[in-house]
Amino acid sequence: MGILNKLFGGSAESKEEKQLPWIPLNDIQQLQHITEKSKTKTQVIFKHSTRCGISRMVMNQFVESYDLNEKDLDLYYLDLLSYRDVSNEVGYTFQVMHESPQLLVIKNGVTVAHSSHGAINTVDLQKFV
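Note that the coordinates shown come from a computational prediction; the quantities given were computed from them, not determined experimentally. (Residues numbered from 1 in each chain as written. Predicted model: local features only at pLDDT ≥ 70, side-chain atom pairs only at ≥ 80, totals over all residues. Heavy atoms only, no water.)

1. Concerning the overall build of the protein chain
Here is step 1 of the chain: What the protein chain contains, in helices and strands, is 4 helices and 5 strands.
Here is step 2 of the chain: Across the protein chain, helices and strands are ordered from the amino to the carboxyl terminus as α-β-α-β-α-β-α-β-β.
Here is step 3 of the chain: The buried share of the protein chain, reckoned over its 129 residues, is 39%.
Here is step 4 of the chain: In the protein chain, the share of contacts with a sequence separation of at least 24, taken over all contacts with a separation of at least 6, comes to 67%. (Helix = DSSP H or I, 4+ residues; strand = E, 2+ residues; numbered from the N terminus. Buried < 20%, exposed > 50% of the residue type's maximum accessible area, 1.4 Å probe, protein only. Contact = heavy atoms within 4.5 Å.)

2. Section: the pattern of salt bridges
Here is step 1 of the chain: By the definition in use, this model includes 4 salt bridges.
Here is step 2 of the chain: Across the pair Lys39 and Glu36 runs a salt bridge whose closest N-O atoms are separated by 3.2 Å.
Here is step 3 of the chain: For Glu36, a relative accessible area of 41% puts it in the partly exposed group.
Here is step 4 of the chain: Its salt-bridge partner being Asp72, residue Lys71 comes within 3.3 Å of it at the nearest N-O pair.
Here is step 5 of the chain: According to the relative accessible area criterion, Asp72 is buried, its value standing at 14%.
Here is step 6 of the chain: The network of salt bridges with common partners includes Lys37, Lys41 and Asp74. (Salt bridge = Lys/Arg side-chain N within 4 Å of Asp/Glu carboxyl O.)

3. A few points about the nonpolar core
Here is step 1 of the chain: Counting residues in hydrophobic clusters, the biggest one holds 17 residues, and the most contacted among them are Phe62, Tyr66 and Leu125.
Here is step 2 of the chain: Those elements that provide at least two residues to this core are strand E2 (42-48), helix H3 (53-65), strand E3 (73-79) and strand E4 (102-107).
Here is step 3 of the chain: The greatest single-element share of this core, amounting to 4 residues, is contributed by H3.
Here is step 4 of the chain: Ignoring sequence-local partners within four residues, the contact set of Tyr66 consists of Lys18, Leu20, Pro21, Leu73, Leu75 and Leu125.
Here is step 5 of the chain: Counting residues in hydrophobic clusters, the runner-up holds 12 residues, among them Leu25, Ile45, Tyr76 and Val90. (Core = buried A, V, L, I, M, F, W, Y, C linked by side-chain atoms within 4.5 Å.)

4. What about the packing of aromatic side chains?
Here is step 1 of the chain: Applying the stated criterion across every chain, the model contains 5 aromatic pairs.
Here is step 2 of the chain: Measuring from centroid to centroid gives 5.2 Å for Phe46 and Phe62, while their planes differ by 45 degrees, and the two rings are tilted. Separated by 16 residues along the polypeptide, Phe46 in strand E2 and Phe62 in helix H3 bring together distant segments of the chain. For the pair shown, Phe46 and Phe62 are each scored as buried.
Here is step 3 of the chain: Ring geometry for Phe62 and Tyr66: centres 5.5 Å apart, planes at 50 degrees, overall tilted.
Here is step 4 of the chain: The buried category is assigned to Phe62, whose relative accessible area is 4%.
Here is step 5 of the chain: Among the aromatic residues, ring-to-ring pairing joins Trp22, Phe46, Phe62, Tyr66 and Tyr77 into one connected group. (Phe/Tyr/Trp six-rings, centres within 6.5 Å; stacked < 30°, edge-to-face > 60°.)

Here you go:
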């Protein structure tokens, strides 16, 4: 295995995993709170399917490229398989069709941007801060 790692850029050193300031989104009541908070601070929801390889890949890319902090915006993580009712309500509340993975940017109580799949990583969150 050592030769394969050398050939394909692997390393014996473990890479430190980047941690984001995720806020778990697991209750429908949180959506009202998100709506209210969005009047003073940008709110972002990342909907993730834990069984989907594409969703995992997009989330990993998102984590690696994320360069904001907790004072800039609130970042919610929704495991849509575990909290299907919350995922459905996100669509109704913020007027977006369900997709997975999906990123929603909420300001002043409304969705100002949303994207899915690979396009998630083209959303410039800095412009919404």
